[in-house]
Protein chains: 4
Amino acid sequence: METQTMQTSPSTQIVNVGGYQIGGSQFTVIAGPCSIESYDQFLETAKGVKASGAHLLRGGIWKMRTSSKAFQGLGNSSFDFIKAVCKETGMSLVSEVTDARQIEEVYDVVECFQVGSRNMHNYSLLKELGMQKKPVMLKRGFAALIEEWVKAAEYITNGGNPNVILCERGIRTFETATRNTLDLNAVVYAKKNTNLPVIVDPSHAVGIRALVPSLAYAAAAAGADGVIVEVHPRPAEALSDGMQALTLEDFSTMMKRLEKILDAVERPLHKEIANVR
Amino acid sequence: METQTMQTSPSTQIVNVGGYQIGGSQFTVIAGPCSIESYDQFLETAKGVKASGAHLLRGGIWKMRTSSKAFQGLGNSSFDFIKAVCKETGMSLVSEVTDARQIEEVYDVVECFQVGSRNMHNYSLLKELGMQKKPVMLKRGFAALIEEWVKAAEYITNGGNPNVILCERGIRTFETATRNTLDLNAVVYAKKNTNLPVIVDPSHAVGIRALVPSLAYAAAAAGADGVIVEVHPRPAEALSDGMQALTLEDFSTMMKRLEKILDAVERPLHKEIANVR
Amino acid sequence: METQTMQTSPSTQIVNVGGYQIGGSQFTVIAGPCSIESYDQFLETAKGVKASGAHLLRGGIWKMRTSSKAFQGLGNSSFDFIKAVCKETGMSLVSEVTDARQIEEVYDVVECFQVGSRNMHNYSLLKELGMQKKPVMLKRGFAALIEEWVKAAEYITNGGNPNVILCERGIRTFETATRNTLDLNAVVYAKKNTNLPVIVDPSHAVGIRALVPSLAYAAAAAGADGVIVEVHPRPAEALSDGMQALTLEDFSTMMKRLEKILDAVERPLHKEIANVR
Amino acid sequence: METQTMQTSPSTQIVNVGGYQIGGSQFTVIAGPCSIESYDQFLETAKGVKASGAHLLRGGIWKMRTSSKAFQGLGNSSFDFIKAVCKETGMSLVSEVTDARQIEEVYDVVECFQVGSRNMHNYSLLKELGMQKKPVMLKRGFAALIEEWVKAAEYITNGGNPNVILCERGIRTFETATRNTLDLNAVVYAKKNTNLPVIVDPSHAVGIRALVPSLAYAAAAAGADGVIVEVHPRPAEALSDGMQALTLEDFSTMMKRLEKILDAVERPLHKEIANVR
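Residues numbered from 1 in each chain as written. Chains lettered and ligands numbered in written order. Predicted model: local features only at pLDDT ≥ 70, side-chain atom pairs only at ≥ 80, totals over all residues. Heavy atoms only, no water.

*Asks:* Looking at this structure, I do not really get the overall build of chain A. What am I missing?
*Replies:* Summing up its helical and strand segments, chain A has ten helices and ten strands in all. A compact globule built from 277 residues would reach a C-alpha radius of gyration of about 19 Å, and chain A, at 17 Å, matches this within 12%. Dimensions of chain A along its principal axes, counting C-alpha atoms only, are 55 × 45 × 40 Å. Within the span of chain A, comprising 277 residues, buried residues form 68% of the whole. Taking all contacts inside chain A whose residues are at least 6 apart in sequence as the whole, residues at least 24 apart take part in 71%. Just so you have it, chain A exposes about 8900 Å², and 47% of that area is on carbon and sulfur atoms. Looking at chain A, you have 29 positive and 30 negative side-chain charges, and the mean spots of the two groups are 0 Å apart. (Helix = DSSP H or I, 4+ residues; strand = E, 2+ residues; numbered from the N terminus. Rg over C-alpha atoms; globule rule 2.2 N^0.38 Å. Buried < 20%, exposed > 50% of the residue type's maximum accessible area, 1.4 Å probe, protein only. Contact = heavy atoms within 4.5 Å. Areas by Shrake-Rupley, 256 points an atom, 1.4 Å probe, with all protein chains shown as cover. Lys, Arg positive; Asp, Glu negative; His and termini not counted. Charge placed at Lys NZ, Arg CZ, Asp CG, Glu CD.)

*Asks:* What is the right way to look at the interface of chain C and chain D in this model?
*Replies:* Listed as interface residues are 54 residues of chain C and, on the opposing side, 54 residues of chain D. Between chain C and chain D, a total of about 4500 Å² is buried, with carbon and sulfur atoms accounting for 64% of that surface. Inspection of the chain C/chain D interface yields four salt bridges. Of the charged contacts, one joins D:Lys260 and C:Glu266 as a salt bridge, the two residues approaching to 3.7 Å between their closest N and O atoms. One can count ten residue pairs in polar contact (both at pLDDT 80 or more) joining chain C with chain D. Residue assignment for the side of chain C that touches chain D shows that the elements contributing at least two residues are helix H6 (184–193), helix H7 (202–206), helix H8 (212–222) and helix H9 (248–264) of chain C. When the residues that make up the side of chain C that touches chain D are grouped by side-chain class, the tally is 31 nonpolar, twelve polar and eleven charged. (Buried area = accessible area lost by both parts, 1.4 Å probe. Salt bridge = Lys/Arg side-chain N within 4 Å of Asp/Glu carboxyl O. Polar contact = N/O pair within 3.5 Å; in protein donor to acceptor, adjacent residues only side chain to side chain. Nonpolar A, V, L, I, M, F, W, Y, C, P; charged D, E, K, R; others polar.)

*Asks:* Mind showing me how you'd approach the side chain of D:Asp183 here?
*Replies:* Relative to the helices and strands, D:Asp183 is located in the loop between strand E8 (164–168) and helix H6 (184–193). For D:Asp183, a relative accessible area of 0% gives the class buried. Apart from the residues lying within four places of it in its own chain, the contact partners of D:Asp183 are C:Thr181, D:Arg140, D:Glu168 and D:Ile171.

*Asks:* Would you mind showing me how to read the relation of the copies chain C and chain D here?
*Replies:* Aligned on chain D, chain C shows an RMSD of 0.0 Å; the corresponding rotation is 180 degrees and the shift along the axis is 0.0 Å. Such a combination of turn and shift is consistent with a two-fold rotation axis. Across chain C, the rotation axis passes nearest the C-alpha of C:Ala218, at a separation of 2.0 Å. Both copies share a contact surface, since 100% of the interface residues of chain C are interface residues in chain D too. (Least-squares fit on C-alpha atoms with pLDDT ≥ 70 in both.)

*Asks:* Please explain the environment of B:Ala177 as it appears in this structure.
*Replies:* Along the chain, B:Ala177 turns up in the loop between strand E8 (164–168) and helix H6 (184–193). In sequence terms B:Ala177 and B:Val206 are 29 residues apart; their C-alpha atoms lie 8.9 Å from each other. Sequence-distant contacts of B:Ala177, defined by excluding residues within four places in its chain, comprise A:Ile146, A:Tyr189 and B:Ile208.

*Asks:* Got a minute to help me understand unusual backbone geometry in this structure?
*Replies:* Keep in mind that most residues, glycine aside, have a negative phi and that most peptide bonds are trans. Its identity is not glycine, yet A:Glu266 carries a phi of approximately 55 degrees, on the positive side. Within the secondary structure, A:Glu266 sits in the loop between helix H9 (248–264) and helix H10 (273–276). Given the relative accessible area of 52%, A:Glu266 is considered exposed. The phi angle at B:Asp241 is positive, at roughly 55 degrees, despite the residue not being glycine. Assignment of secondary structure puts B:Asp241 in the loop between strand E10 (226–230) and helix H9 (248–264).

*Asks:* What should I look at first to understand the relation of the copies chain B and chain D in this one?
*Replies:* The two chain copies are related to each other by a rotation about an axis together with a translation along it. Between chain B and chain D, the superposition needs a rotation of 180 degrees and an axial shift of 0.0 Å, giving an RMSD of 0.0 Å. When the interface residues of chain B are mapped onto chain D, 100% of them again lie at the interface, so the same face is used by both copies.

*Asks:* How should the pairing of strand E6 (residues 112–115) of chain C be read in this particular structure?
*Replies:* Successive side chains on a regular strand alternate, one facing one side of the sheet and the next facing the other. All names here are of chain C. Residues Cys 112 and Gln 114 line one face of E6 and the alternating positions Phe 113 and Val 115 line the opposite face, and both faces are buried. Note that E6 and strand E7 (residues 136–139) share three bridges and pair parallel. Bridged to Phe 113 within E7 is Val 136. Following the chain from E6 across helix H4 (residues 123–129) to the adjacent parallel E7, one finds a crossover that is right-handed. (Pairing = 2+ DSSP bridges. Right-handed = clockwise from strand over helix to strand, strands pointing away.)

*Asks:* Could you clarify how one ought to interpret the sheet that holds strand E9 (residues 198–200) of chain C in this entry?
*Replies:* The pairing of strands in a sheet happens through backbone hydrogen bonds and is either parallel or antiparallel. A barrel is described by the order of its strands in space; here eight strands give the closed sequence E3-E4-E5-E6-E7-E8-E9-E10 (chain C), paired in parallel fashion. Across the sheet, the axes of successive neighbouring strands diverge by a mean angle of 25 degrees, strand direction being ignored. (Axes fitted to C-alpha atoms, helices over the stretch in contact; angles between N-to-C directions.)

*Asks:* How should I be thinking about the packing of aromatic side chains in this particular structure?
*Replies:* When we look at a pair of aromatic rings, we describe it by the centre distance and by the angle of the planes. All names here are of chain A. Taken as a whole and judged by the stated rule, the model has 16 aromatic pairs over all chains. Aromatic pair Trp 62 and Phe 79: ring centres 5.9 Å apart, planes at 85 degrees, arrangement edge-to-face. Taken as a pair, Trp 62 in the loop between strand E4 (56–58) and helix H2 (79–89) and Phe 79 in helix H2 lie far apart in primary sequence, 17 residues in all. Under the relative-accessibility criterion, Trp 62 is labelled buried at 13%. On the basis of relative accessible area, Phe 79 is assigned to the buried category, the value being 11%. (Phe/Tyr/Trp six-rings, centres within 6.5 Å; stacked < 30°, edge-to-face > 60°.)

*Asks:* Mind showing me how you'd approach the packing of helix H8 (residues 212–222) of chain A against H6(B) here?
*Replies:* Helix packing for two helices is described by the angle between their axes and how far apart those axes are. The geometry of H8(A) relative to H6(B) is characterised by a closest axis approach of 10 Å and an angle of 135 degrees between their N-to-C directions. Taken as axis vectors, H8(A) and H6(B) run oblique relative to one another. Viewed along their axes, H8(A) and H6(B) form a crossing whose handedness is right-handed. In this structure, H8(A) uses A:Ser214, A:Leu215 and A:Ala218 to contact H6(B), whose residues at the interface are B:Leu184, B:Asn185 and B:Val188. Taken together, the residues that form the contact of H8(A) with H6(B) break down as four nonpolar, two polar and no charged. (Parallel < 35°, antiparallel > 145°, perpendicular 65-115°, else oblique. Left-handed = near helix turned anticlockwise from the far one by under 90°.)

*Asks:* So what exactly am I meant to see when it comes to the nonpolar core here?
*Replies:* In a soluble, globular protein the nonpolar side chains are often hidden away together inside. Residues C:Leu184 and D:Leu184 are the most contacted members of the largest nonpolar core, which totals 158 residues. Residues in contact with C:Leu184, not counting those within four places in the same chain, are C:Val200, C:Ala218, C:Ala219, C:Ala222, D:Leu184, D:Leu215 and D:Ala218. With 156 residues, the next largest nonpolar core counts A:Val85, A:Ala222, A:Val265 and B:Val229 among its residues. (Core = buried A, V, L, I, M, F, W, Y, C linked by side-chain atoms within 4.5 Å.)

*Asks:* Explain the sheet that holds strand E9 (residues 198–200) of chain B here, please?
*Replies:* All names here are of chain B. An order of E3-E4-E5-E6-E7-E8-E9-E10 is seen for the eight strands of this closed barrel, with the pairing classed as parallel. Within the sheet, the average angular offset between the axes of one strand and its neighbour, ignoring direction, is 25 degrees. One ladder, built from two bridges, connects strand E4 (residues 56–58) with strand E5 (residues 93–96); its direction is parallel. Looking at the pairing, Leu 57 lines up with Leu 93 of E5.

*Asks:* I tried to follow the interface of chain B and chain D on my own but got confused; where do I start?
*Replies:* Accessible area lost upon the coming together of the parts serves often as the stated size of an interface. With four residues of chain B at the contact, the number on the chain D side is four residues. In terms of surface lost to chain D, no three residues of chain B exceed B:Arg172, B:Phe174 and B:Thr176, which account for 89% of the buried area on that side. Joining chain B to chain D, the criterion identifies zero salt bridges. Applying the counting criterion to the chain B and chain D interface returns zero residue pairs in polar contact (both at pLDDT 80 or more).

*Asks:* Could you clarify how one ought to interpret helix H5 (residues 146–157) of chain D in this entry?
*Replies:* All names here are of chain D. Taking 1.5 Å of rise per residue, the twelve residues of H5 would be expected to cover 16 Å, and the 16 Å separating its terminal C-alpha atoms lies within 8% of that figure. Listed as buried for H5 are Ile 146, Glu 148, Trp 149, Ala 152, Ala 153, Tyr 155 and Ile 156. Seen end-on, H5 carries its buried residues on one side only, within an arc spanning 165 degrees. Packing partners of the buried residues in H5 comprise helix H4 (123–129), strand E7 (136–139), E8, H6 and strand E9 (198–200). (Expected span 1.5 Å × (residues − 1). Arc of directions from axis to C-beta.)

*Asks:* So what exactly am I meant to see when it comes to the pairing of strand E7 (residues 136–139) of chain B here?
*Replies:* In E7(B), alternate side chains face the same way, and those of B:Val136 and B:Leu138 on one face and B:Met137 and B:Lys139 on the other are all buried. The β-α-β motif built from E7(B), the intervening helix H5 (residues 146–157) of chain B and the parallel element E8(B) has right-handed crossover chirality.

*Asks:* How should the packing of helix H8 (residues 212–222) of chain D against helix H9 (residues 248–264) of chain D be read in this particular structure?
*Replies:* All names here are of chain D. Contact pair H8 / H9: the axes reach a minimum separation of 9 Å and the direction vectors enclose 20 degrees. One way to sum up the angle between H8 and H9 is to call them roughly parallel. Every pair of crossing elements has a handedness; the one defined by H8 and H9 is right-handed. When H8 is examined against H9, the residues Pro 213, Ala 216, Tyr 217, Ala 220 and Ala 221 are found in contact with a partner set consisting of Met 254, Arg 257, Leu 258, Ile 261 and Leu 262. In terms of residue class, the contact of H8 with H9 is built from nine nonpolar, no polar and one charged.

Pasting the structure below:
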């Protein structure tokens, strides 16, 4: 009978994003707005999350929206100011590509490509990402079996790009009180049965600001390799997903408690990149 | 905009079971076999889990089994030896009643009645439990909305019994790699929106021994008031649910790590009952 | 490779309810209100549905309600007038028992016991019904696997009562536009893989009056052995489930179209009982 | 209180594919193999289904496969022989595009573009199809809400292409005995609440050959505008989805019974295209 190694274990495949070893002995925090809305909004958020200890930035350039009339993202008009923000803060960006044709376009802006939940089964896109040199964060489809998620990752790794980070972001179930259902079973299952880093997106998984931090703590205690969290300086003004964005203050509070839990499980937060490089 | 109090908060309704305040400032661990199989098996398990710090015993007397041909529990032939084990170890038993007619029968044996997942909607049973003096642990139906779970609890509390503990034990989703899907969203949601204690059953929620401890850690970090865990001295010989039972050694290892996490979130394990009474 | 017999086939286990052979070469229609609310309401409904060709009556005496504050049914105060309505119309009643203790109480009032969806896993109740002489209509749990549904039926048949009718009434899925999701796959699967009659409850399955008839037609065309449909003279006044009840006029219109489809699949409606007995 | 028009009603938006008015007063049958595997296989299937009364051909050129190692379709090497088969049989092809870049490539081969279930949320692809002159059959995502399905259709119609056919092909639920769960609720709901034609794919919805015809009958009786069915001359040899393909003989038997049901609901099969053009 097999018994779990009770210590959280690093992945055998470690993925370097912007100088941070995701899946290694330290824990990674990716934070930022749902959508990148303006230079000011993005810079304020980036500085704020960095001050609280975030390692990498998130932020949508092209958004996947259920309605064709909803805000679709700034697209390429934002490239210049995004680069400026990354330079100014010394942080790298993880951002979604929604179409294979965007990969080349955004190559210099993004340090890690994200595949969104609704594109996990978009095998054309995955094949294209398998030919890139930059890492890919593959979100689990909201109704994808763990097995399908792992096989989707193989579209990328078999294509020649081993640098895949799995991201659980909640699945669709019968429950409606929360936006999705965070599936931590899948996180611990994937950690045990694959060699890839696994991170958690508690923001989409629950969709309710006040509940996001508790689920980030749970992810850390369960042995995830990191979290990706939505933060907005003024969530009420956000162009998308404002209900689930933490304020900068919420984020700061969360990071302090997260740090204690991570210390308890001997999986500390990464030090600032200055010390890492 | 409402922001979460980042500290784990006690329930306003605290439920006393066997001398332990469930939902108070300390964390409760309930452990034991899926089915009570014999005096020897139950005593060995009880002593073992107590030695590692468990507070209360679990163990099925009448089992809800999908097949009418599967082991249905020892029933009333086990009452005498169960009482002997409780006396010998100084521990109290949480156990399921599957029919209103069993309540009176088992009243002296059980300190807290459990309503199983498949009976959460059995309103006849709930009404009967509303008229009892002993506390009730109400497992969430495996396909019950959080709202239905809370309303099921009201069948008991409205009947005059305020001592209800909610227990999340995994929901049924499309995923098949794990037995159920642990819904920690529901735990943090119920903690925030009800005044009842909420505990987690990671054993049924994932159904795979090696993954149980990680989910117990997650529950603790997320702010649950306790866990209920299946433990068997020799899981391979268990008459039910052997795949998900921890060995006594697994349990001991889990408790050590759990304690560290609980200390980090300032929600320590209860001290032994000797110190409490 | 196995190919389906394209003709709809009778069950090998035929269940007699009130003179009608359910699962035989003819199709059975059970109709009536969600709750039996009064003598007048029940009589008006019974006469109305009989005039349009219904064979058996449905109507709740004890209701399973999510909230303890919702109408719980008239209970035993209605027994006398129910018997009067059955006598006056020459129809028999299919009605739910929600607790083993009700079986004896209601024995003379009900011709076929119904187990509701939320009680499908109530094995105490199923065992008790296995010892009865009257037939049982077993609704599928709203989150029960087909296999669990069939095994629940075995609790009854193994107990000595072979007269079980399976009833599909919709399952719980992620979809929220309809009350449940009618699973006709399960109907054709159960028809093929069990020897029991299988009927369909389109009213609970979709929960929207205007869509009920189309799903009844679908059930008939797919090879179900019958349908059970909610009808209320004035749905807006119904004490439960008014949204999904057909008016008497709707029901009459539905029956005419249903008859044509049944003729096309060579599975005609039962003739009136007068001709059958 | 609104009551359903009991007669099946045509869509207000009628979509012409290869001379057949989909969504009009007649019923459309699309049939063919899962994957187009060779000239011989495709020609034999096309001739066979035409002989039994099918109106349009289906057949995959690029396949969406969970595993990167599974057969991915013949791609552009098949274009010439596909055109030959269409010409020889006088039938038009409905086939999936899995990437916006394929639209132009396959434009002359395909009469109606199909968006597969796993691409329903691929808004880049939908926007591109909104700019085309040819019709689009939009399969419902296997975990998409009806509302999301309708909004996905609007990505196409708002882009300027009004010719969208909705196709329900089964959703993912907890049930595992069947491949998916056919959601006829969604079909009748979409028929009532949109102006688009709605067809049903019983093959993917159930995944078991022997059960496919019964579900096609159900779709017809419920008021769907057509069905799309997988047929293979020798299913055991199929490179994909052989378990659910009908043989030519099965298909022929199904069509005869389907015709009777359609006559009963006054929604006859289209006449052969020779009579239509």
